[in-house]
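Each chain is listed here by its residues.
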Amino acid sequence: MTPIAKTSLVAKVPTVAKTLLASALLTAAVATPALADDYSRCGNVPRDRWMKIEQVVAKVSERGYEVRGISADDGCWEVKVRAKDGSRLELQVHPVTAEIVHTGRDD
């Protein structure tokens, strides 16, 4: 009877397969934050702790924006504004601190 050689499974896998596996794992690690939903921006704050709409409008206006609309969306206040340069923006505002956590174009 021939003795069984003690080799690791990794040693038996061809180099190309190892490279593909490493690439797939790296891609998954990098892409995972992009899959996180908007709750990661504002957290999951209970609604009874949120600032009132009037307070959020005042805070955003103090920063020089003309508020055009406001609604609750994905754990944040979503505020549609017009900037000083006339551009239309959509701000995601933290419901407790009124910090602007994300700014995007309002299409």
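Structure: see above.
Residues numbered from 1 in each chain as written. Predicted model: local features only at pLDDT ≥ 70, side-chain atom pairs only at ≥ 80, totals over all residues. Heavy atoms only, no water.

## A closer look at the overall build of the protein
Step number 1: Helix and strand counts for the protein stand at four helices and four strands.
Step number 2: Moving toward the C terminus, one meets the helices and strands of the protein in the order α-α-α-α-β-β-β-β.
Step number 3: Residue burial in the protein is summarised as follows: out of 107 residues, 21% are buried.
Step number 4: Long-range contacts, defined here as pairs at least 24 residues apart, represent 37% of the contacts in the protein between residues at least 6 apart.
Step number 5: Accessible surface, the protein: about 7900 Å² in total, of which carbon and sulfur atoms supply 57%. (Helix = DSSP H or I, 4+ residues; strand = E, 2+ residues; numbered from the N terminus. Buried < 20%, exposed > 50% of the residue type's maximum accessible area, 1.4 Å probe, protein only. Contact = heavy atoms within 4.5 Å. Areas by Shrake-Rupley, 256 points an atom, 1.4 Å probe, with all protein chains shown as cover.)

## Re the state of the cysteines
Step number 1: Summed over the entire model, instances satisfying the criterion amount to one disulfide.
Step number 2: In this model Cys42 forms its disulfide with Cys76; the gap between the sulfur atoms is 1.9 Å. Residues Cys42 and Cys76 are joined through a disulfide that is right-handed, its torsion about the S-S bond being 110°. Pair noted here: Cys42 is in helix 3 (residues 39-42) and Cys76 is in strand 2 (residues 76-82), with a separation of 34 residues, a long-range link. (Disulfide = S-S within 2.5 Å.)

## So, the pattern of salt bridges
Step number 1: A full pass over the atoms with the stated rule returns three salt bridges.
Step number 2: Between Glu66 and Arg68 there is a salt bridge; the shortest N-O distance is 2.9 Å.
Step number 3: By relative accessible area, Glu66 is classed as partly exposed at 41%.
Step number 4: The residue Glu90 makes a salt bridge to Lys80 at a minimum N-O spacing of 3.1 Å. (Salt bridge = Lys/Arg side-chain N within 4 Å of Asp/Glu carboxyl O.)

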